[in-house]
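Fold and geometry: a report
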Amino acid sequence: GGGARIASVMLPWIDSANHRAGADSKIEYDPVGDVFTLDAGEGCLVDAGDGRTQLYVNYGEKSDRELLLNYGFLNGEDGTRSDSQTERRRALVAAFLKA
């Protein structure tokens, strides 16, 4: 039919931004101008602690599995925590690497 089609695309500059759940970002395609636009709110800019500012965007609601398989990371995992959620994430990574 004539419905909208969903597609994934690479956006080199935007894809260099890291994910942050609190980032108030909006990425849209403008078919008239044939361009993508990024609206980045204050929650997208975070002090990196070294005098620089890090740009973050929100990839949307994603499961750990989606984040690992599509983006190569797990949200909030730094390898130093030992809670049950971190153990579950480590098991997910181990299972993925065995496949």
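Structure's up top.
Values in this document were obtained by computation on a predicted structure and should not be read as measured data.

Quick word on the overall build of the chain
When helices and strands are counted, the chain shows three helices and five strands. Among the 99 residues that make up the chain, the fraction classed as buried is 17%. A fraction of 39% describes how many contacts in the chain between residues 6 or more apart in sequence connect residues 24 or more apart. Per element, the accessible surface of the chain, about 7500 Å² overall, is 51% carbon and sulfur.

Digging into the side chain of Ser 25
With respect to the helices and strands, Ser 25 occurs in strand E2 (residues 25–30). A polar atom in the side chain of Ser 25 sits 2.9 Å from the backbone nitrogen of Asn 58.

Structural notes on the sheet that holds strand E5 (residues 53–57)
Within the open sheet, the three strands sit side by side as E1-E5-E4. Their pairing is mixed. If you trace the sheet from one side to the other, it starts and ends with strand E1 (18–19) and strand E4 (45–47), each paired once. Summarising the sheet, E1 and E5 pair through two bridges and their orientation is parallel. Counterpart to His 19 in the pairing with E5 is Val 57.

Procedures and definitions
- Residues numbered from 1 in each chain as written.
- Predicted model: local features only at pLDDT ≥ 70, side-chain atom pairs only at ≥ 80, totals over all residues.
- Heavy atoms only, no water.
- Helix = DSSP H or I, 4+ residues; strand = E, 2+ residues; numbered from the N terminus.
- Buried < 20%, exposed > 50% of the residue type's maximum accessible area, 1.4 Å probe, protein only.
- Contact = heavy atoms within 4.5 Å.
- Areas by Shrake-Rupley, 256 points an atom, 1.4 Å probe, with all protein chains shown as cover.
- Polar contact = N/O pair within 3.5 Å; in protein donor to acceptor, adjacent residues only side chain to side chain.
- Pairing = 2+ DSSP bridges.

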